[in-house]
Amino acid sequence: MTEKTPTPPNRQDPHLDPADDTAEPAFDWMKPAGTGAGTAAKAQGTTPAGHTSPVPGTDAGKGQPAASAGIPASRAGSAVSQAGTPVSQAGSRADRKAAESAVEPAAEPQGRGTHFREPLPTSALQVRPPQDEVERRNAERELANNTKPVLPRVMQVLLAVFYPLVLLVLAVRAVASPLFLWVEYNRPGFPGDGYGFSADDRMTYGSYAVDYLSNWSGPRYLGELVNRSGDALFQEGEVSHMADVKLVILSTFGGGALLILLGIIAIIYLRRRSTGGVRRGLFAGSVATLVIILGLGTLAALGWQQFFTEFHRIFFANGTWTFALDDTLIRLFPGQFWVDSGIVIGALVLIASVATLILTWPTRKRRGLARKTNDKDTDAQDASATDSDAGTTDLPDAAQRRTRGNSATV
């Protein structure tokens, strides 16, 4: 064809309207059309972009492919509704953009060309609990903070009860020893034996009696002892009474060891769970010990003989603990020995309880330290609970913006 060739009568004029410019690449028409768009267009008898479909047997449909409209398959697919009905496009690019943005992503078919949006892991933090739920949690937290646990109080009471008993057992153990026996026999003013025992005889025979109270030997340990003349040192009644005393002493020592173990457990628990609990328990125990020891000391000072008699009636049967003045037990352990034993036991318990009272006295400094520690623990619990209730509302603004941006782009 040359410049002088006449124009064919059926030639269409070029479309020069700039408003319909799709800004598509020049050779985009060579790409295969989308399956969904082409199928939907063929089913309705129209092509995307509003052109009529070629009719077989006409000149307009000869040699023209079905997807040569020049519109990408992605746009063509978005122009088709969920029911498969084609949506006519506007004449300008702005109209087409508005029509595409009006189509909701949820309305798109769950097929090819759609995107599945998975919620972010932090999307739950963007939802704040209801106000009534927040108020309920705050009320429960306030009640828990104001209500003191029961077990620490029980441990404090047990520690206060065990303390005087443990001190008494330890004082008795200190007296029932050869050391105290030697101090008594050698101290000035201690009465001598009118029947011939020297200080060395008393120390030797008395050590057998004291050792028998703390060992696991039977009555033969004392029953087979003889004096210098070859006679039995202890009579049958004396051996029987010493066996009863041994049972009481061993039971007391065993109970004291158990109380010491339980007291150590209570101290360990209170040190971990209750600030100042050990101090309060020992302070209460020392006060109770002072009251008990002062009461018993007053009764003993007012009538020692009556006090000594009633004490024996509690642990021994009547008639099993009275002996003659020439019996070995009376010669080794006269009345003055028991008076001195009572004074030493009371003094040891009194000194220990007073020292404990001074060391555990609730001074202003100690109360302040305990209060500060409790306040810090309470503040830490409140802060952690408030952060958990608030969700992302307590996060920094940058973090919130970052979370919202991620949820919008994914």
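Our structure's up above, just so we're on the same page.
Residues numbered from 1 in each chain as written. Predicted model: local features only at pLDDT ≥ 70, side-chain atom pairs only at ≥ 80, totals over all residues. Heavy atoms only, no water.

(A) Looking closely at the packing of aromatic side chains. The tally for this structure, following the rule as stated, stands at 14 aromatic pairs. Relative to F337, the ring of F333 lies with its centre 5.2 Å away and its plane at 55°, an arrangement referred to as tilted. With relative accessibility at 9%, the residue F333 sits in the buried group. F337 gets classed as buried once you look at its relative accessible area, which sits at 6%. Joined through ring pairs, the aromatic side chains of F180, W304, F307, F308, F333, F337 and W338 make up one cluster. Over the ring of Y212 we find K246; its NZ or CZ atom is 4.3 Å from the centre of that ring. (Phe/Tyr/Trp six-rings, centres within 6.5 Å; stacked < 30°, edge-to-face > 60°. Buried < 20%, exposed > 50% of the residue type's maximum accessible area, 1.4 Å probe, protein only. Lys NZ or Arg CZ within 6 Å of the ring centre and 35° of its normal.)

(B) Just the environment of L165, in detail. Relative to the helices and strands, L165 resides in helix α5 (residues 150–175). A C-alpha to C-alpha distance of 9.7 Å links L165 and T252, two positions 87 residues apart in sequence. (Helix = DSSP H or I, 4+ residues; strand = E, 2+ residues; numbered from the N terminus.)

(C) Structural view of the nonpolar core. Residues L222, F234, M242, L332 and F333 are the most contacted members of the largest nonpolar core, which totals 40 residues. Of all the elements in the fold, those that place two or more residues in this core are α5, α6 (178–186), α7 (199–214), α9 (236–273), α10 (277–302), α12 (328–332) and α13 (335–359). Looking at this core element by element, the count peaks at eight residues for α9. (Core = buried A, V, L, I, M, F, W, Y, C linked by side-chain atoms within 4.5 Å.)

(D) Molecular detail of helix α11 (residues 304–315). With twelve residues, α11 extends 17 Å from end C-alpha to end C-alpha; this agrees with the ideal 16 Å at 1.5 Å per step. Within the sequence span of α11, burial applies to F308, T309 and H312. Mapping the buried residues of α11 onto a view down its axis gives an arc of 95°, with all of them on the same face. Among the exposed residues of α11, those pointing more than 90 degrees away from its buried face are Q306 and I314. Packing partners of the buried residues in α11 comprise α13. (Expected span 1.5 Å × (residues − 1). Arc of directions from axis to C-beta. Contact = heavy atoms within 4.5 Å.)

These figures come from the coordinates and say nothing about function on their own.
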